[in-house]
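# Structural overview
Here is how the chains run, residue by residue.
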Amino acid sequence: MTTTTANYRCPLCQQRLLLINNSYRCERNHSFDQAKQGYVNLLPVQAKRSKEPGDNKTMVQARRAFLDQGFYQPLVDSMLALYNEYANYTMPVFDAGCGEGFYTHQHKTDNNIVYGVDIAKETVKIAAKRYQHCHFSVATLADLPFTDEYFGWLYSVYAPILESEFTRILQPNGYLLTVTPAEQHLFELKSLIYRQANHHDVSKKPIEKLNLIKEQRLNYPMHFTHSKDILNLLAMTPFAFKATPELITQLEQLSEFTCQADFILRLYQKSA
């Protein structure tokens, strides 16, 4: 697989960025250095809401360890099945909220160019170092560093879904795939934490103007035989902030645990 130069626009003036001597530069001389890991930070200081936005280091490490065990590989397989059925393989692909690149790199083929963006620099650093055949950048989903109508395939797994910005960078007839939790997702884990665990609310549909062309449910049990995998699952979710020391001890002592993975995949298309 070969990697071509990334196609970015300047987050300050929206002019095209060119890679010159390991630095992305626009015609107005705004410059963004490419890190040694290969990514570029395109998040202006004024766009930050905190010193280190995005997931914290503990969540990042836990998610990476959990995903490496393959518990969410059935989800990737379903995503790729839709990609193989509908996508134009020569069009650029974008992972919105890419994290450590687990979903990003599995969409790379010999014929496409794949991008991943996340607001958390540490996750992007991991992704860029590990998957050098994809392009990664630090940026906000609210103001993506890409030109209008550039991507043919865009997907969002649990990331904020910003329809106007996603539509802006999507080509006519291009596709947006969203992955959101269905009712039973991680319900057994939630039941250990909350006195009255609630099912996920699936009534919210943040996409209004794109055309929904396919919706499918993916539900399967995840069987854990190592407590470290259960603890990693907990640590990578917001539930971790509610977990008591007693619960952590209880999970450390578990030799077996079964928890539902439950996803809704919705595929949208932009009108020509």
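All residue numbers refer to positions counted from 1 along the written sequence of the respective chain. The model is predicted, so local features are restricted to residues of pLDDT at least 70 and side-chain atom pairs to those at 80 or more, both for listing and for counting; the totals for chains, interfaces and linings are taken over all residues. Only heavy atoms go into the side-chain values, all of them from the structure, while hydrogens and water stay out.

### A look at helix 3 (residues 121-130)
For every residue, the accessible area obtained with a 1.4 Å probe (protein chains only) is divided by the maximum for its type, and the residue is called buried under 20%, exposed over 50%, and partly exposed between those limits. Helix and strand definitions follow DSSP, with helices as H or I runs of at least four residues and strands as E runs of at least two, each counted in order from the N terminus. Along helix 3, the residues that are buried comprise Thr123, Val124, Ala127 and Ala128. Burial along helix 3 is one-sided: seen end-on, the buried residues are contained in an arc of 130°. Looking at the buried positions of helix 3, the neighbouring elements they touch are helix 1 (57-68), strand 7 (114-118) and strand 8 (135-138). The arc under discussion is defined with respect to the helix axis, by the directions toward the C-beta atoms. Any two residues having at least one pair of non-hydrogen atoms within 4.5 Å are treated as being in contact.

### Notes on the side chain of Gln37
Mapped onto the secondary structure, Gln37 falls in the loop between strand 4 (31-33) and strand 5 (40-41). Take Gln37: its relative accessible area is 17%, and that puts it in the buried class. If we ignore the near neighbours within four places in the chain, the residues touching Gln37 are Lys125, Ala128 and Lys129.

### Notes on the packing of aromatic side chains
Working definition: rings of Phe, Tyr and Trp (its six-membered ring) pair if their centres are within 6.5 Å, and the pair is stacked with planes under 30 degrees apart, edge-to-face with planes over 60 apart, and tilted otherwise. All chains considered together, the criterion is met by 24 aromatic pairs. A ring pair is formed by Phe66 and Tyr72, whose centres lie 5.3 Å apart and whose planes are at 85°; its orientation type is edge-to-face. Taken individually, Phe66 and Tyr72 each receive the classification buried, so the pair is uniform in this respect. Seen in terms of ring centroids, Tyr115 and Phe146 are 5.2 Å apart; in terms of plane orientation they differ by 80°. Their pairing is edge-to-face. Note that Tyr115 is positioned in strand 7 and Phe146 in the loop between strand 8 and strand 9 (151-157), a separation of 31 residues in sequence.

### Considering the sheet that holds strand 10 (residues 170-181)
Note on pairing: two strands pair once DSSP finds at least 2 bridges between them. Within the open sheet, the 8 strands sit side by side as 5-8-7-6-9-10-12-11. Their pairing is mixed. Only two strands of the sheet have a single neighbouring strand rather than two, namely strand 5 and strand 11 (211-224). Looking at chain direction, strand 11 and strand 12 (residues 257-269) are connected through 13 bridges and run antiparallel. Paired with Gln216 across the strands is Leu265, a residue of strand 12. Here an axis means a line fitted to C-alpha atoms, over the contact stretch when the element is a helix, while the angle between two N-to-C directions is reported on a 0 to 180 degree scale. Along the sheet, helix 2 (residues 73-86) contacts strand 6 (93-96), strand 9, strand 10, strand 11 and strand 12; its crossing angle with strand 11, the most-contacted strand, is approximately 155°. On the sheet, helix 3 packs against strand 5, strand 7 and strand 8 and is oriented at approximately 165° with respect to strand 8.

### What to know about the pattern of salt bridges
Side-chain pairs of opposite charge can arise whenever the charged atoms involved come near each other. Just to be clear on terms, a salt bridge is a Lys or Arg side-chain nitrogen sitting within 4 Å of an Asp or Glu carboxyl oxygen. Counted according to the given criterion, the structure contains 11 salt bridges. Of the charged contacts, one joins Glu100 and Arg63 as a salt bridge, the two residues approaching to 2.7 Å between their closest N and O atoms. Linking Glu100 in the loop between strand 6 and strand 7 with Arg63 in helix 1, this pair joins segments that are 37 residues apart in sequence. Arg63 shares its class with Glu100; the two are buried. Across the pair Glu149 and Lys270 runs a salt bridge whose closest N-O atoms are separated by 3.6 Å. You can see Glu149 sitting in the loop between strand 8 and strand 9 and its partner Lys270 sitting in the segment after strand 12, a full 121 residues away along the chain. Given the relative accessible area of 12%, Lys270 is considered buried. Through salt bridges with shared partners, a single ionic network connects Asp148, Glu165 and Arg168.

### Looking at the pairing of strand 8
Residues His135 and Ser137 point to one face of strand 8 and Phe136 and Val138 to the other, with burial holding for every one of them. Sheet analysis places strand 5 next to strand 8, joined by 2 bridges and oriented parallel. By the bridge assignment, Asn41 is partnered in strand 8 with Val138. Pairing between strand 7 and strand 8: 4 bridges, direction parallel. In the sheet register, Asp118 faces strand 8, and the bridge partner there is Val138. Assignment of crossover handedness uses the view with strands pointing away from the viewer, where a clockwise path from the first strand over the helix to the second indicates a right-handed crossover. Taken together, strand 7, helix 3 and strand 8 constitute a β-α-β crossover, and its handedness is right-handed.

### Details of the environment of Gln69
Mapped onto the elements, Gln69 comes out in the loop between helix 1 and helix 2. A residue is classified by how much of its surface remains accessible, and Gln69, at 48% relative accessible area, is partly exposed. In this structure the C-alpha to C-alpha distance between Gln69 and Thr237, which are 168 residues apart in sequence, comes to 16 Å.

### With respect to the sheet that holds strand 4
Pairing in this open sheet of 4 strands is antiparallel, and the strands run 1-2-3-4 from one edge to the other. Where the open sheet ends on each side, the last strands, each with one partner, are strand 1 (8-9) and strand 4. In terms of strand pairing, strand 3 (residues 23-25) meets strand 4 through 3 bridges, oriented antiparallel. Residue Ser23 lies in a different strand from strand 4, and its bridge partner there is Asp33.

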